[in-house]
Every structure is written in structure tokens, then in C-alpha cells.
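In case you want the letters, here they are:
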Amino acid sequence: MSRPHDVQSLSGTDLTVYEAVAAIAVGGEAASLPGVAGMTGLTEEQTRASLATLVERGQVVPSGEGFTLGRHDFEVDY
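Residues numbered from 1 in each chain as written. Predicted model: local features only at pLDDT ≥ 70, side-chain atom pairs only at ≥ 80, totals over all residues. Heavy atoms only, no water.

**Considerations on the overall build of the chain**
In terms of regular secondary structure, the chain is built from three helices and two strands. Of the regular secondary structure in the chain, the N- to C-terminal order runs α-α-α-β-β. Restricting to contacts in the chain with at least 6 residues of sequence separation, those with at least 24 account for 53%. Accessible surface for the chain amounts to roughly 4800 Å². Of this, 50% is attributable to carbon and sulfur atoms. (Helix = DSSP H or I, 4+ residues; strand = E, 2+ residues; numbered from the N terminus. Contact = heavy atoms within 4.5 Å. Areas by Shrake-Rupley, 256 points an atom, 1.4 Å probe, with all protein chains shown as cover.)

Rendered as C-alpha cells:
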């Protein structure tokens, strides 16, 4: 059984969006919807739906006008 914060249990699209948010978070910035969509090649509609799923799961959290990583038990290093 996977833990609620286990990224290995994500769909391919959700994992792609999560990784984009993580890549932006390394720089200490919040990831914007257009920024994540541009990084992933997904439409803003697809990105918005995926971010909603990730927020519901606690894997990303809203932060101002964007999103940052939620609780996780690993270090992100790019």
C-alpha cells in the first residue's frame, strides 16, 4: 500500500507536473500554472487538473500565485 505522499503512486501526467514544480522549487520559487505548463508541454487545462490532484493529495501546496512542494521525505537536488 502506498503512502499518501508517495510520488511513485502518481499517474504519468501528475508525476511530470510534480517534477516540474520540484525543479522550480529548487530555486526557491513558487511554480506558476503557465510556467509548469510550459515546462511540461501540457495544456494549462491539463496542468490545472493535475495540480488540483496534487494539492488534494498534499504533494504540492498553493503558495501565493503559484505552487510549492508539500510535505515530502526526500531531498530535491538538481
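**So, the side chain of aspartate 14**
Tracing the chain through its elements places aspartate 14 in helix H1 (residues 12-25). Arginine 57 is the oppositely charged side chain nearest to the buried, salt-bridge-free aspartate 14, at an N-O distance of 6.4 Å. What aspartate 14 contacts, discounting residues up to four positions off in sequence, is Ser50, Thr53 and Leu54. (Buried < 20%, exposed > 50% of the residue type's maximum accessible area, 1.4 Å probe, protein only. Lys, Arg positive; Asp, Glu negative; His and termini not counted. Salt bridge = Lys/Arg side-chain N within 4 Å of Asp/Glu carboxyl O.)

**Focus on the pairing of strand E2 (residues 66-69)**
Pairing of strand E1 (residues 60-63) with E2, which is carried by four bridges, proceeds in the antiparallel orientation. Pairing of serine 63 across the sheet is with glycine 66, part of E2. If you look at the hairpin formed by E1 and E2, you'll find two residues sitting between the two strands, and glycine 64 has a positive phi there, around 60 degrees. (Pairing = 2+ DSSP bridges.)

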